[in-house]
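Coordinates in review
The residues making up each chain are set out below.
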Amino acid sequence: MSSVGRHAQSFGWTGVFFLFFALNPPLAFGQGAARSLDIQPGARQNGLGAAGVALFGDPSDGLWWNPAALGFADRTGVQYTHASLLPGLAEIPYHHVAMATPLGSYGGLGASFTRLDYGGGDEATPSLALGVRVHPMVSVGANLKWVDIWYAGGFFGAVHAETFTADLGVLMRVERAPWRFGLGAMYQNFDGTVKFLGTLPTPVSAPLGRNWKLGASASVPLRLTDQVTVGGTAVLDYNQSDVTAEYHTWHGGLEGYLVHADILRLAARGGYYHDPSGELQDFTYGVGLRAAIFAFDAGWIPQARDSGLPRVLKVTGGIHVEFASDGPRWSMD
């Protein structure tokens, strides 16, 4: 076992927690408190370089990436993302469940729950989201979140913090057959600050990871036969911290897919995660499978440069279906 791993075991969750911050300094100091809010769910987006602000797809994808995507919801979706953070060093389970459903032609409604377990403390965030179509091509959305943080032990004993915060977003979709373009913007954790209480010598206040996010996407399908379609999607995101101005990142990726008769969809993805501070600069990749209403995606993203740690694997499983008067239907777009 490495010396880092031995220290993690000797310090318990507190050691792992501080090692996590030490191995990801731009995240720790550029993003703020409540680390679980900054961990990207969705294996599809992670395979695309951790980009998804303007990515269209299943509505349950949109709650974290851009709640305005709910305004274009055309089906009901439920999905679950799991990851074990810091593989090769410690087990820090991450769980994210999201569901969304359309509200006729007006938009969509969604809910999610995120939990990050440190082994002796945890962060839990339930949320409710609404997206409304204000124009045939434009949607706005908001995601209201309750953040609850417990650190059950450590140098100062039990520490607790809780607060409300919200994500606000806008998304434009332009369709020029067969092309589809997206432009999106959102603000993450609007006015979010937590105050840590408990056995600390004095209460400590810290901002959440507040970020401006901009994104663009382009997608084109090419029908080869009546039963077979191939296509591609490109995405690009920019993230700017509103806590530390020096911290910003670029994310981008490409997806190629093959669809057979709205029954089977296979996808391969690649991307790049670029942190100009030098801590995260590497490729991402992923795969996706959809059979009828069932979907499975896997994405691999890098850890801190020169840490010697393997990539983080994120997996997402979901069910996506449109409930029509003549029975459930689904599509592969």
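As shown above, the structure is provided for reference.
Let me sum up the structure you'll find in this document. (Residues numbered from 1 in each chain as written. Predicted model: local features only at pLDDT ≥ 70, side-chain atom pairs only at ≥ 80, totals over all residues. Heavy atoms only, no water.)

The next point concerns empty space enclosed by the protein. If you walk through the whole model with that rule in mind, you get four cavities of 30 Å³ or more. Estimated volume of the second largest cavity: approximately 110 Å³. Contributing to the lining of the second largest cavity are 14 residues, with W64, H96, S112, T114 and K145 lying nearest its centre. Secondary structure elements with two or more residues in the lining of the second largest cavity: α4 (62-65), β2 (92-102), β3 (107-117), β4 (121-135) and β5 (138-151). Its residues assigned to classes, the lining of the second largest cavity shows five nonpolar, seven polar and two charged. (1 Å grid on protein atoms, 1.4 Å probe; cavity = no way out; pocket = protein on both sides within 12 Å on 5 of 7 lines; lining within 4 Å. Points joined across faces, edges and corners; volume = space filled by probe spheres on them. Helix = DSSP H or I, 4+ residues; strand = E, 2+ residues; numbered from the N terminus. Nonpolar A, V, L, I, M, F, W, Y, C, P; charged D, E, K, R; others polar.)

Proximity of charged atoms lets side chains of opposite charge pair with each other. This model, assessed by the stated rule, comprises 14 salt bridges. As a salt-bridge pair, R44 and E255 come within 3.1 Å of each other at their nearest N and O atoms. Of this pair, R44 sits in helix α3 (residues 43-47) while E255 is found in strand β12 (residues 248-260), placing the two residues 211 residues apart along the sequence. Grouping residues by exposure puts R44 and E255 together as buried. (Salt bridge = Lys/Arg side-chain N within 4 Å of Asp/Glu carboxyl O. Buried < 20%, exposed > 50% of the residue type's maximum accessible area, 1.4 Å probe, protein only.)

Turning to the nonpolar core, a few remarks are in order. Formed by 24 residues in total, the largest nonpolar core has its most connected members in L85, L116, I149, V194 and F196. The element that contributes the greatest number of residues to this core is β5, accounting for three residues. In contact with L85, other than residues within four places in its own chain, are I39, A90, E91, I92, Y94, L116 and V312. (Core = buried A, V, L, I, M, F, W, Y, C linked by side-chain atoms within 4.5 Å. Contact = heavy atoms within 4.5 Å.)

Here we take up the packing of aromatic side chains. Counting across every chain of the model gives nine aromatic pairs. Judged by centre distance (5.7 Å) and plane angle (85 degrees), the ring pair of F56 and F72 falls under edge-to-face. Residue F56 is located in the loop between α3 and α4, and its partner F72 is located in the loop between α4 and β1 (76-85); the two are separated by 16 residues in the primary sequence. For F56, a relative accessible area of 13% gives the class buried. Overall, F72 belongs to the buried group, its relative accessible area being 7%. Feature note: the residues Y187, F190 and W212 constitute an aromatic cluster, connected by ring pairs. One cation-aromatic arrangement involves R173 over F56; the distance from NZ or CZ to the ring centre is 5.6 Å. (Phe/Tyr/Trp six-rings, centres within 6.5 Å; stacked < 30°, edge-to-face > 60°. Lys NZ or Arg CZ within 6 Å of the ring centre and 35° of its normal.)

With that settled, the discussion passes to the pairing of β3. Bridging between β2 and β3 involves nine bridges; their strand directions are antiparallel. Paired with Y94 across the two strands is L116, which belongs to β3. In sequence, β2 turns back onto β3 through a hairpin of four residues, with G104 there showing a positive phi of about 60 degrees. Bridge analysis of β3 against β4 gives 11 bridges, and the strand direction is antiparallel. Residue pairing for β4: T114 is matched across the bridge by T125. If you look at the hairpin formed by β3 and β4, you'll find three residues sitting between the two strands, and G119 has a positive phi there, around 95 degrees. (Pairing = 2+ DSSP bridges.)

Turning our attention to the side chain of T284. Secondary-structure assignment places T284 in strand β14 (residues 281-291). One polar contact links the side chain of T284 to the main-chain carbonyl oxygen of N46, over a distance of 3.4 Å. Here the side chain of T284 touches G47 through a polar contact of 3.1 Å, landing on its backbone oxygen. (Polar contact = N/O pair within 3.5 Å; in protein donor to acceptor, adjacent residues only side chain to side chain.)

Function-wise, these values are silent; they only describe arrangement.
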